[in-house]
Amino acid sequence: MILYDPFWKTLKQSGESTYSLITKHKISSSTIDRLRKNQPITTTTMNDLCRILNCDVKDIAVYVSSEEDQIL
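Here the structure is a predicted model, which means the values were calculated and not measured.

Conventions adopted
All chains use their own residue numbering, which begins from 1 and follows the written sequence. Predicted model: local features are reported for residues with pLDDT of at least 70 only, side-chain atom pairs are reported and counted for 80 or more only, and whole-chain, interface and lining totals are derived from all residues. Heavy atoms throughout the structure, all of them, feed into the side-chain values; hydrogens and water do not. Numbering goes from the N terminus for both helices and strands, where a helix is a DSSP run of H or I of at least four residues and a strand is a run of E of at least two. What the globule rule says is 2.2 Å times the number of residues to the power 0.38, and the radius of gyration is computed from C-alpha atoms. Salt bridges are identified by distance alone: a Lys or Arg side-chain nitrogen within 4 Å of an Asp or Glu carboxyl oxygen. Exposed residues in this analysis have more than 50% of their type's maximum accessible area, buried residues have under 20%, and partly exposed residues fall in between, with area computed by a 1.4 Å probe over protein chains only. Per residue, pLDDT captures the predictor's confidence, and it can take any value from 0 to 100. The definition of a nonpolar core used throughout is a set of buried Ala, Val, Leu, Ile, Met, Phe, Trp, Tyr and Cys residues joined through side-chain atoms within 4.5 Å.

**Focus: the overall build of the chain**
- The number of helices and strands found in the chain is four helices and two strands.
- Reading the chain from its N terminus to its C terminus gives the helix and strand order β-α-α-α-α-β.
- In terms of C-alpha radius of gyration, the chain reaches 12 Å, essentially the compact-globule figure of 11 Å for 72 residues.
- Overall, the chain is about 40 × 20 × 20 Å in size when its C-alpha atoms are taken along their principal axes.

In structure tokens, the structure reads:
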């Protein structure tokens with residue numbers, strides 16, 4: 001399961017806010033909601049967030065093994 005817990009820490013350290021992501025950087029409010037709920041986002045969005053926050057992918061998301069993962 002992909003978790004976005006690192007995103008919230010990175011966002012706080014960056015000086016940006018969800019408001020500035022939405023208004024200044026045109027990240028949709030539905031994307032912010034998806035991050036809050038640990039729902040999938042696109043790699044394009046991950047790229048945009050890394051660029052905006054000047055960080056690496058590991059500063060946005062982390063993989064944690066879960067019983068909810070689909071069976072392969």
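**Considering the pattern of salt bridges**
- Within the structure shown, the criterion is met by four salt bridges.
- Between K37 and D33 there is a salt bridge, and its shortest N-O distance comes to 3.1 Å.
- Given a relative accessible area of 30%, D33 falls into the partly exposed group.
- When salt bridges with common partners are traced through the structure, they connect D56, K58 and D59 into a single cluster.

**Brief notes about the environment of D48**
- Mapped onto the secondary structure, D48 falls in helix α4 (residues 43–53).
- On the accessibility criterion, D48 (23% relative accessible area) is partly exposed.
- With 21 residues separating them along the chain, D48 and I27 place their C-alpha atoms 8.5 Å apart.

**Considering the confidence of the model for the chain**
- The pLDDT averaged across the chain works out to 94; a share of 100% of its residues lies at or above 70.
- Looking over the chain, one finds the lowest element-wise mean pLDDT in strand β1 (residues 2–3), namely 94, and the highest in helix α3 (residues 29–36), namely 98.

**Description of the nonpolar core**
- Ranked by internal contacts, the top residues of the largest apolar core, which has 16 residues, are Y4, F7, L21, L35, L49, L53 and I60.
- Secondary-structure elements contributing two or more residues to this core are α1 (5–14), α3 and α4.
- A total of five residues in this core trace back to one element, the largest contributor, which is α4.

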